[in-house]
Amino acid sequence: MKKNSLLNRILSTLLIVLAATVTTQAQFLRTSYFMEGTSHRTSLNPALRPTKGYVNLPVIGMFNASVSSNTLGSQDIIDVIGSNDDFYNNDKFMNQLKDNNTVNASINTDILSFGFYKGKGFWSFSAGLRTDINASVPKSMFEYMRDMDSENFNWAGNTFSIKNQNVNVNSYAEIGLGYSRAITDRLTVGAKLKFLGGAANMKLNINEIYVRGNMPSLDELGSLTPSELNNMSADIRVNARMEGSFKGIELEHNDKGYVDDLSVGGFGIAGYGGAIDLGASYRVLDNLTVSAAILDLGKISWSKSASKIAETNINDHYDQNNYQEFYDLTQGGDVLDFDMLRLKEGDAGEGHKTTLASTLVLGAEYGILNNKVALGALYTSRHVKDDTMSEITLSANFRPKSWLNAAVSYSMIQSAGKSIGAAVKLGPLMLGTDYIFLGNNSKCANAYIGLSIPLAAGK
């Protein structure tokens, strides 16, 4: 197996960090939605205000990480991106795969954030970093890698067709200013305006990899007759396109001019954009409140000067004169095999725009015991590239004091009903997860940590 490209190593590192964090699905913590004392509420719905103002400590004041998949567990993801040679030889792993296997991950942290009450309104400010990754890998790719690694495999009439493999990465800085106000004693509305600075955006679409071979193994070549050598043939057809926008990152090329890696010389802003969060909360009865929000409605425009394009549309034939090249191309070992893709860098043309992954939030809570306990139901639907991730979460929330909040939750969809969540706010510290980590191969997991300094309470 060859050494991983930088892109494979970057994806591997990010996903390993995500998986490691949960031992310590969602862009935010669903379990905390009805916890009145938490400063994180404005991230879930800009109309939901904490009981007190706050100043979050840098980075650890709000750090949230999540990873989920429709088929792969957290350890599977690390093995796939890290190219652990054993994972695709595991029958249990192969049997759990679907025709199309998706992975979605995000890391969010605030460098600086605070909120305070002023008159009848509540103001909030945040500046942080956001990274979203989603990938789609067909089962046929794993079958191809398994066969290539088999000791007894040869190209005697074998054919592989791998279609619709995709990777999308979007990383940006976000500066947000939010405001909420009680319109009546029952209705509260809120909004947050966001300025976005794009750090990196990459979209890789591998439309097709087709490989057909009628060749013996390399060990058998020496025993073939001239007639048998003359009958050797193979074909490789590849159609793929990569679009990227980033500063300080360059495409590296091999001696044939094909893109084979990325090199990092620094980071900068490669695009600018804006977004808005909108929310409302309405108290239907004294002990029944409903709420709704739409988050991350916005786009980033990436500059032409920072954009790069590489693509390929190859249909090559191999015989006894160039058989060694065919064997070299089919022995890569990476899920993203740049040697096989043979991308050629081209003119980026104009800049492009990307849409953020927006989220719809619907909630209802029923308070009892003088609102010290609340039963909540929350629906979220997050729209990422070519996929929609929905979740229904039921929770019981205990909020005897503004400095003491706790919640337990049960989420039905992403974990197939096999996980519960928990969160607690004790003074300035808040910890939580929507999916308690059960075993080392959970299909979805997230974690939140927050540490803040309390300010004055609202009137």
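Attention here is on the structure that accompanies the text. Throughout, residues of each chain are indexed from 1 in the direction in which the sequence is written. This being a predicted model, a pLDDT of at least 70 is required before a residue's local features are given, and a value of 80 or more before pairs of side-chain atoms are given or counted; all residues contribute to the totals for chains, interfaces and linings. Side-chain figures throughout are based on the complete set of non-hydrogen atoms in the structure, without hydrogens or water.

1. A word on the environment of T71
Right, on to step 1. Each helix corresponds to a stretch of at least 4 residues labelled H or I by DSSP, and each strand to a stretch of at least 2 residues labelled E; elements are numbered beginning at the N terminus. Residue position: T71 is located in the loop between β2 (63-69) and α3 (74-82).
Right, on to step 2. Along the chain, T71 and Q96 lie 25 residues apart, while their C-alpha atoms are 6.6 Å from each other.

2. Quick notes on the nonpolar core
Right, on to step 1. Here the nonpolar core consists of buried residues drawn from Ala, Val, Leu, Ile, Met, Phe, Trp, Tyr and Cys, with membership extended through side-chain atoms lying within 4.5 Å. Exposure is judged per residue with a 1.4 Å probe applied to protein chains only, and the accessible area is read against the type maximum: over 50% gives exposed, under 20% gives buried, and values in between give partly exposed. By size, the foremost hydrophobic cluster in this structure holds 50 residues, and its most contacted members are Y144, W155 and I209.
Right, on to step 2. At seven residues, strand β6 (residues 187-215) tops the list of elements feeding residues into this core.
Right, on to step 3. The contact criterion used is simple: two residues touch if any of their non-hydrogen atoms lie within 4.5 Å. The residues touching W155, leaving out its near neighbours within four places in the chain, are Y144, M148, F160, V211, R212, G213, N214, M215, F326, Y327 and T330.

3. Quick word on the pattern of salt bridges
Right, on to step 1. Salt bridges are defined as contacts in which a side-chain nitrogen from Lys or Arg sits within 4 Å of a carboxyl oxygen from Asp or Glu. In this structure the tally under the stated criterion is 18 salt bridges.
Right, on to step 2. A salt bridge links D296 to K194; the shortest N-O distance between them is 2.7 Å. You can see D296 sitting in strand β11 (residues 288-302) and its partner K194 sitting in strand β6, a full 102 residues away along the chain. Of the two residues, D296 and K194, neither departs from the other in class, the shared state being buried.
Right, on to step 3. Of the charged contacts, one joins E311 and R241 as a salt bridge, the two residues approaching to 2.9 Å between their closest N and O atoms. With E311 in strand β12 (residues 307-318) and R241 in strand β7 (residues 233-246), the pair connects residues that are 70 residues apart, well separated along the chain.
Right, on to step 4. You can call E311 partly exposed: its relative accessible area is 40%.

4. Description of the environment of L218
Right, on to step 1. Tracing the chain through its elements places L218 in the loop between β6 and α6 (226-230).
Right, on to step 2. When the C-alpha positions of L218 and N154 are compared, they lie 8.7 Å apart, and in sequence the two are 64 residues distant.
Right, on to step 3. Among all residues touching L218, those that are not within four sequence positions of it are Y323, Q324 and Y327.

5. Some details on the pairing of strand β18 (residues 404-411)
Right, on to step 1. Side chains N405, A407, S409 and S411 project from β18 onto a buried face, and the interleaved L404, A406, V408 and Y410 project onto a face without burial.
Right, on to step 2. Two strands are counted as paired when DSSP detects at least two bridges linking them. When β18 meets strand β19 (residues 419-426), the two strands line up antiparallel, connected through eight bridges. Following the sheet pairing, A407 is matched in β19 by A423.

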